[in-house]
Amino acid sequence: MEGEEFAVGCLLSIKTTLGDEFEGQIISYDRLSNILLLQEGLESGPRRNIRLLKANYIKEFSLLRQDEDPLDVKKCFLDLTSLQAREDSAVRQAEADSERFGVGVTSEAQNLFDALSKTLPVRWDKTSIVVMNEVRVSSPYLPECVSGGTPAANERVKKVLELERKRMQTRGTSQ
């Protein structure tokens, strides 16, 4: 296949040297790297499978038909509202995820935060863990470092800290 030209828009039935068989339309061909960019299947729609294939791996192919350029900008449709909503959602999720990481804290402190977050609402306030917006756990994150909140909330946080510290010690000694 080396050196052959592949026309954009061709619909091909391809068998690879690895045993894959599929149909796809050529979206692009890079002569220098000898790589095809193929859209799998013949159906069009908002979601499509794209495959990069080194032409050397094509065992055999047959031309099904020559079709129009699949990237013709006059026929492409982008739902900008949907794309903007997906981007906004991804940014919000990334911001929420980043708030779960303590800055300037030890890995032990982060592990304790993660353990507390499994059962209780938690957030970082600089290097202190704030649980249920009322209980604070300060460095070195021992049960004695728990303050604020109702006595019941305070005791619950202390208990989770004790159990998680025991679990961390057990994991540390078993490794």
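See the structure printed just above.
Residues numbered from 1 in each chain as written. Predicted model: local features only at pLDDT ≥ 70, side-chain atom pairs only at ≥ 80, totals over all residues. Heavy atoms only, no water.

Peer 1: Is there a simple way to explain the packing of aromatic side chains in this structure?
Peer 2: For any pair of aromatic rings, geometry is given as the distance between the ring centres together with the angle between the planes. All chains considered together, the criterion is met by one aromatic pair. With a centroid separation of 4.8 Å and 10° between ring planes, the pair formed by Phe-113 and Trp-124 is classed as stacked. Taken together, the residues Phe-113 in helix H2 (residues 107-117) and Trp-124 in strand E6 (residues 122-125) connect sequence positions eleven residues apart. In terms of burial, Phe-113 and Trp-124 fall into one category: buried. For the cation-ring pair, Arg-51 lies above Phe-22, with the distance from its terminal atom to the ring centre recorded as 3.9 Å. (Phe/Tyr/Trp six-rings, centres within 6.5 Å; stacked < 30°, edge-to-face > 60°. Helix = DSSP H or I, 4+ residues; strand = E, 2+ residues; numbered from the N terminus. Buried < 20%, exposed > 50% of the residue type's maximum accessible area, 1.4 Å probe, protein only. Lys NZ or Arg CZ within 6 Å of the ring centre and 35° of its normal.)

Peer 1: For this particular structure, what's the right way to read unusual backbone geometry?
Peer 2: Generally, phi is negative for residues other than glycine and the peptide bonds are trans, each holding for most cases. Pro-140 follows Ser-139 through a cis peptide bond whose omega is 15°. One can find Pro-140 in the loop between strand E8 (135-137) and strand E9 (146-147). A positive phi angle, close to 55°, is found at Met-132, a residue other than glycine. Looking at where Met-132 falls in the secondary structure, it is placed in the loop between strand E7 (128-131) and E8. Phi at Tyr-141 is positive, roughly 65°, even though this residue is not glycine. Here Tyr-141 lies in the loop between E8 and E9. You can call Tyr-141 buried: its relative accessible area is 5%.

Keep in mind that these numbers describe shape and distance, not what the molecule does.
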